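# Survey of secondary and tertiary structure
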Amino acid sequence: MEFIPFLKPKVVPRQYYQRYLDEIDASRIYTNNGPLNKRFEKQILQQYFNNEGDVVTVSNATIGLLLAISQQKRPGKYALMPSFTFPATPLSALWCGLEPYYIDIDKDHWCMDEHMLEVALEKLGDEVAVVVPYATFGTELDLKYYDSLIQRGIPVVIDAASSFGTTMQEDNVFHFGGAMVYSFHATKSFGIGEGGIVYSGNRELIQRIRYSTNFGFNEERVSGQLGLNGKISEYAAAVGLATLDVFPEKIKIREQIGEWYKEAWNKYKLAEAGWNFQAVKGKVAYQFYPLLCPSGQENQYYVNKLHASAIQVRTYFSPPCHRQKMFELQPRTSLAVTEDISRRILSLPVWEDISQEQIERIVRSLIHE
Ligand SMILES: *Cc1c(COP(=O)(O)O)cnc(C)c1O
């Protein structure tokens, strides 16, 4: 039986960025917001953000989250966020001296439950320093709602690590006043190795985040605010530019894989068998394909079952953050939906040359006795 791995990342091959490497050799500029980085940011802004607001590259999304939180947080103690996320979300808040406060997720779209968030905001008042929603598995968030929080004086930093390439239904992303942080890690849809961006409709905010990626230096190279080294090198920008050249194609492939999962879902009647998928908004360029096994069952059973069929799967995010040692003692709302979903979640293989037959085999193996 042919082995199907969970992921098989495929960053653009060398010949695609050779010409950019030649430019580096000629310019002898290797980092510090060099010409390739400038072009990379400019093209991202033009091609994916309607040339509105501003964008800054960061060495990875974790540093992006940390810097965005650090630049936006107001006095207060808590960073409100879901527990159903990658540990980078609570860790970045901890590095900013804040305590994560976990809010349950919605049972359909698996993002933070906005009603529970409102109750927590009411209860905690001034103690809330920032709200950090996660756009779960690349889905679009209700940005109008989160913009309304900003109007109310509550800073918002969105963990959009898995969202680059999602086709937005609404264009209010371009005016969003908070920060949105995207990851370019090799396993993400726009994979370049390590890297990421922070986007905001607020240019002044991006300027401050840019200073903070370079030791807090202002234009006079005087350290005027908190900073660190969060820049990308020109080599990373070279791979990034080459990836932009082919990204529309990559998005199509990843959307197609999502369609194939839906087709197999129908063919093998998963709904009738009690399976669920995520109610996503926008068209997602999938990084992997998430599914929920039937209520009352556990994902580990299916992990083993697929393993026996030579198929590798994962269970993001199981255990959820609040079940991990580092985050165990932090405050929270009831997390009943998070508990239920993280027990049932399966992350199925996605990679750019996976075939429809392989996807059928994966889905068939889920329900096959
Ligand atoms: C991948 C990911 C991150 C971290 O991104 P890096 O670029 O690897 O730092 C953070 N949050 C979520 C939800 C992620 O999926």
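Residues numbered from 1 in each chain as written. Predicted model: local features only at pLDDT ≥ 70, side-chain atom pairs only at ≥ 80, totals over all residues. Heavy atoms only, no water.

Moving on, we come to the pairing of strand β6 (residues 179-183). With five of its five residues buried, β6 lies for the most part within the structure. Side chains of β6 alternate between two faces, with A179, V181 and S183 and M180 and Y182 buried alike. Relative to β6, strand β5 (residues 157-159) runs parallel, the two sharing three bridges. In the sheet register, D159 faces β6, and the bridge partner there is V181. When β6 meets strand β7 (residues 196-200), the two strands line up antiparallel, connected through four bridges. Across the sheet, Y182 pairs through a bridge with I197, a residue of β7. (Buried < 20%, exposed > 50% of the residue type's maximum accessible area, 1.4 Å probe, protein only. Helix = DSSP H or I, 4+ residues; strand = E, 2+ residues; numbered from the N terminus. Pairing = 2+ DSSP bridges.)

This part covers the site of the ligand. As a structural note, the neighbourhood of the ligand is formed by 13 residues, with A61, T62, D159, S183 and K188 the closest of them. At a separation of 2.8 Å, a nitrogen atom of the ligand approaches a polar side-chain atom of D159. Within the side chain of S183, one N or O atom sits 2.7 Å away from an oxygen atom of the ligand. For the ligand, whose accessible area on its own is 390 Å², the fraction buried by protein is 91%. For the shell around the ligand, the residue count by class is five nonpolar, six polar and two charged. (Near = heavy atom within 4 Å. Polar contact = N/O pair within 3.5 Å; in protein donor to acceptor, adjacent residues only side chain to side chain. Areas by Shrake-Rupley, 256 points an atom, 1.4 Å probe, with all protein chains shown as cover. Nonpolar A, V, L, I, M, F, W, Y, C, P; charged D, E, K, R; others polar.)

Looking now at the environment of V181. Of note, V181 is situated in strand β6. Residues V181 and P155 lie 26 residues apart in sequence; the distance between their C-alpha atoms is 14 Å. With near-sequence residues (within four places) excluded, V181 lies in contact with A61, G64, L65, A68, V157, I158, D159, A160, A161, I197 and V198. (Contact = heavy atoms within 4.5 Å.)

Moving on, we get to the UniProt feature "modified residue: N6-(pyridoxal phosphate)lysine" (unreviewed entry) in the protein. Mapped onto the present numbering, the UniProt feature "modified residue: N6-(pyridoxal phosphate)lysine" (unreviewed entry) falls on K188. Looking at where K188 falls in the secondary structure, it is placed in the loop between β6 and β7. We classify K188 as buried; its relative accessible area is 17%. Other than its neighbours up to four places away in sequence, K188 contacts A161, S162, S183, R254 and Q287. (UniProt positions renumbered as here; feature names shortened; annotations may be inferred.)

Strand order in the open sheet made by the three strands is β3-β2-β4, with parallel pairing throughout. With partners counted over all chains shown, the strands left at the sheet margins are β3 (99-103) and β4 (128-131), one partner each. Sheet twist, expressed as the mean angle between neighbouring strand axes with direction ignored, is 35 degrees. In this structure, strand β2 (residues 78-82) lies alongside β4, joined through three bridges in parallel fashion. Residue Y78 lies in a different strand from β4, and its bridge partner there is V128. Here helix α4 (residues 88-95) sits on the sheet and contacts β2 and β3; the angle it forms with β2, its principal contact strand, is near 175 degrees. (Axes fitted to C-alpha atoms, helices over the stretch in contact; angles between N-to-C directions.)

Here we take up helix α9 (residues 299-308). Every buried residue of α9 is accounted for by N299, Y302, V303, K305 and L306. Around the axis of α9, the buried residues are gathered within 165 degrees of arc, so they sit on the same side. Exposed side of α9, more than 90 degrees from the buried face: H307 and A308 are the residues found there. Of the surrounding elements, those touching the buried residues of α9 are α10 (336-344), β10 (345-348) and α11 (356-367). Just downstream of α9, A310 is the residue with a positive phi angle, here 60 degrees. (Arc of directions from axis to C-beta.)

Per the counting criterion, the structure on display carries 33 aromatic pairs. Centroid distance F84 to F137: 5.9 Å. Interplanar angle 80 degrees. Geometry classified as edge-to-face. Remark: F137 occurs in the loop between β4 and α6 (143-151) and F84 occurs in the loop between β2 and α4; sequence separation between them is 53 residues. You can call F84 buried: its relative accessible area is 0%. Its relative accessible area of 5% is what places F137 among the buried residues. Plain terms: the ring middles of F164 and F190 are 5.2 Å apart, the flat faces sit at 90 degrees to each other, and that makes the pair edge-to-face. Taken together, the residues span a long stretch of sequence, with F164 in the loop between β5 and β6 and F190 in the loop between β6 and β7 at a distance of 26 residues. What makes F164 buried here is its relative accessible area of 4%. Judged by its relative accessible area of 1%, F190 is buried. A network of ring pairs unites the aromatic residues F40, Y48, F49, F164, Y182, F184, F190, Y199 and F247 as a single cluster. (Phe/Tyr/Trp six-rings, centres within 6.5 Å; stacked < 30°, edge-to-face > 60°.)

This part covers a nonpolar patch on the surface. Together, L91, W95 and M326 make up an exposed nonpolar region whose accessible area comes to about 370 Å². Relative to the assigned elements, W95 resides in helix α4. (Patch = residues over 30% accessible without salt bridge, like charges linked within 9 Å, V, L, I, M, F, W, Y side chains within 5 Å. Salt bridge = Lys/Arg side-chain N within 4 Å of Asp/Glu carboxyl O.)

Bringing the sheet that holds β5 into the picture now. On the basis of which strands lie adjacent, the open sheet formed by four strands has the order β1-β7-β6-β5 and mixed pairing. The sheet is open, and its two borders are formed by β1 (54-58) and β5, each paired with just one other strand. Ignoring strand direction, the axes of neighbouring strands in this sheet form an average angle of 20 degrees. The sheet contact formed by β1 and β7 spans five bridges and is antiparallel. Counterpart to D54 in the pairing with β7 is S200. Contacts from helix α2 (residues 35-48) reach β1 and β7, with the element oriented near 135 degrees to β1.

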